[in-house]
Amino acid sequence: MLDDTDRRILRQYQADPELSTADLAARCNMTVASCWRRLEKLESHGVIRGHEAIIDWRALGYTVEVSLRMTLDKTHANAFDEFIAAARQVPEVLEVQTFLGRVDTRLSVIARDMEHYQHVYRTQILTLPHITDIEALMHVARIKSDEALPL
Amino acid sequence: MIEIDAQDREILRQLQRDARMSSKALGARLGLSQPATWRRIKRLRDAGVIRGRRLVLDREKLGFGVTVFLGVKLATKGRTSLEDFERAVSAIPEVQSVEHVLGLYDYRLKVVARDIPDFERVLRRRIMTLPGAGEVEANVLLSDERLPGPI
């Protein structure tokens, strides 16, 4: 379905998502009209799912970021669904992922400082349903975060 | 750190969903004029709260059927080995993100691959051969959800 031109557009676009269609077309050596048509097609086929603003939580005073890896009690039929539904209600949770592997789920949690983290952890994380074990990884630095696909 | 009010929060929520929304459309939702909305967005950008934009692509439709999170422990620790490892791992196209963490592992990597055999190739040829790479734990991503966060 995708040809080399589509890939070229996506490569340039994911490297710089703020490009206008005109600038994107110029980088891909194509006319604005044909670039626009291809973007429309990529969006209507759901290849491009959207554009999200990236928020820097540090700039808003959230200096602590912790990755909590959990195993759940799988003897409960709805353990995953109930856990995820409850985790969504915690404002400080930025990401909820589920896995096949040694850990079942992972939450990315932010807090203003360690004291605030301790509070969130005790009152909102430990109270989530069906947790059997938790491991914490404290975020130190982001070395690469472009999330770009190797197209 | 900047102070933000309820309207700034609403702007951030909307832009996280659709970063291309115009200040006119955004203002209409908030009951603000286009220039007032534009000034608020500019202030949030200048303060670094809005760090940029992410193009959201459908990994599966682009042929990347497998996403794996790897926890990597370094075999030899020391300043040089960290830098060598970080430089080498960031250069691997299939590695979408690299985080330096504290805890059970030293690094957390997000890797995309076409399928499991392709992942095995990346793991054996690229990850295991990294300078200083020691123990590696893999968890295959089943579901992934990003939440708006505490705004």
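Predicted model only: the values in this text are computed from it and were never measured.

*Asks:* Help me understand the overall build of chain B, please; the structure alone is not making it clear to me.
*Replies:* The helix and strand tally for chain B stands at 5 helices and 5 strands. Seen along its three principal axes, the alpha-carbon backbone of chain B occupies a region of about 55 × 40 × 25 Å. Burial statistics for chain B: of 151 residues in total, 31% are counted as buried. In chain B, the proportion of contacts linking residues at least 24 apart, taken out of those at least 6 apart, comes to 62%.

*Asks:* Please explain the interface of chain B and chain A as it appears in this structure.
*Replies:* It is common to give the size of an interface as the accessible area lost on bringing the parts into contact. Contacts between chain B and chain A engage 54 residues on the former and 52 residues on the latter. Those elements that place two or more of their residues in the side of chain B that touches chain A are helix H1 (6-17), strand E1 (50-57), helix H4 (79-90), strand E3 (95-102), strand E4 (107-113) and strand E5 (133-146) of chain B. Here the residues of the side of chain B that touches chain A sort into 27 nonpolar, 11 polar and 16 charged. When strand E1 (residues 48-55) of chain A meets E1 of chain B, the two strands line up antiparallel, connected through 7 bridges. The residue of E1 of chain B that forms the bridge with Glu52 of chain A is Arg54 of chain B.

*Asks:* Before we go on, may I ask you to explain the domain arrangement of chain A in this structure?
*Replies:* Segmenting chain A into domains produces domain 1 (4-44) and domain 2 (57-138). When each unit is reduced to the centre of its C-alpha atoms, the spacing between domain 1 of chain A and domain 2 of chain A is 38 Å.

*Asks:* I tried to follow the packing of helix H2 (residues 23-30) of chain B against helix H3 (residues 34-46) of chain B on my own but got confused; where do I start?
*Replies:* Helix-helix packing is characterised by the crossing angle of the two axes and by the distance between the axes. Residue and element names in this part refer to chain B. Packing of H2 against H3 leaves a shortest axis separation of 8 Å and a crossing angle of 105°. Classed by the angle they form, the pair H2 and H3 counts as roughly perpendicular. Of the residues in H3, those touching H2 at Ser23, Lys24, Leu26, Gly27 and Leu30 are Gln34, Ala36, Thr37, Trp38 and Ile41. The class makeup of the residues in the contact of H2 with H3 is 5 nonpolar, 4 polar and 1 charged.

*Asks:* How should the packing of helix H1 (residues 4-15) of chain A against helix H3 (residues 32-44) of chain A be read in this particular structure?
*Replies:* Residues and elements named next belong to chain A. In the contact formed by H1 and H3, the axes pass within 11 Å of each other and the chain directions differ by 90°. Judged by the angle between their axes, H1 and H3 are roughly perpendicular. Across from Thr5, Asp6 and Ile9 in H1, the residues of H3 making contact are Cys35, Arg38, Leu39 and Leu42. Each residue belonging to the contact of H1 with H3 can be placed in one class, and the counts come to 4 nonpolar, 1 polar and 2 charged.

*Asks:* What should I look at first to understand the sheet that holds E3 of chain B in this one?
*Replies:* Picture the strands of a sheet paired through backbone hydrogen bonds; they go either parallel or antiparallel. Around the barrel, 8 strands lie side by side as E2(A)-E4(A)-E3(A)-E5(B)-E2(B)-E4(B)-E3(B)-E5(A); this closed barrel has antiparallel pairing. Shown here is a sheet whose adjacent strand axes are inclined to one another by a mean of 35°, direction ignored. With 6 bridges connecting them, strand E3 (residues 93-100) of chain A and E5 of chain B associate as antiparallel partners. In the sheet register, Glu95 of chain A faces E5 of chain B, and the bridge partner there is Arg146 of chain B. Where helix H5 (residues 114-125) of chain A meets the sheet, it contacts strand E2 (64-72) and strand E4 (105-111) of chain A, and its direction lies at approximately 140° from that of E4 of chain A.

*Asks:* Quick question: what am I supposed to make of the pairing of E4 of chain B here?
*Replies:* One face of the sheet, then the other: side chains in a regular strand alternate in exactly this way. Residue and element names in this part refer to chain B. The buried count for E4 comes to 7 of 7 residues, which makes it a mostly enclosed element. On E4, burial covers both faces: Tyr107, Leu109, Val111 and Ala113 on one face and Arg108, Lys110 and Val112 on the other are all buried. The hairpin formed by E3 and E4 contains 4 residues between the paired strands, and Gly103 there has a positive phi angle of roughly 145°.

Calculation rules
- Residues numbered from 1 in each chain as written.
- Chains lettered and ligands numbered in written order.
- Predicted model: local features only at pLDDT ≥ 70, side-chain atom pairs only at ≥ 80, totals over all residues.
- Helix = DSSP H or I, 4+ residues; strand = E, 2+ residues; numbered from the N terminus.
- Buried ≥ 20, exposed ≤ 12 C-beta atoms within 10 Å, placed from the backbone.
- Contact = placed C-beta atoms within 7 Å.
- Nonpolar A, V, L, I, M, F, W, Y, C, P; charged D, E, K, R; others polar.
- Pairing = 2+ DSSP bridges.
- Domains from an automatic or database assignment.
- Axes fitted to C-alpha atoms, helices over the stretch in contact; angles between N-to-C directions.
- Parallel < 35°, antiparallel > 145°, perpendicular 65-115°, else oblique.

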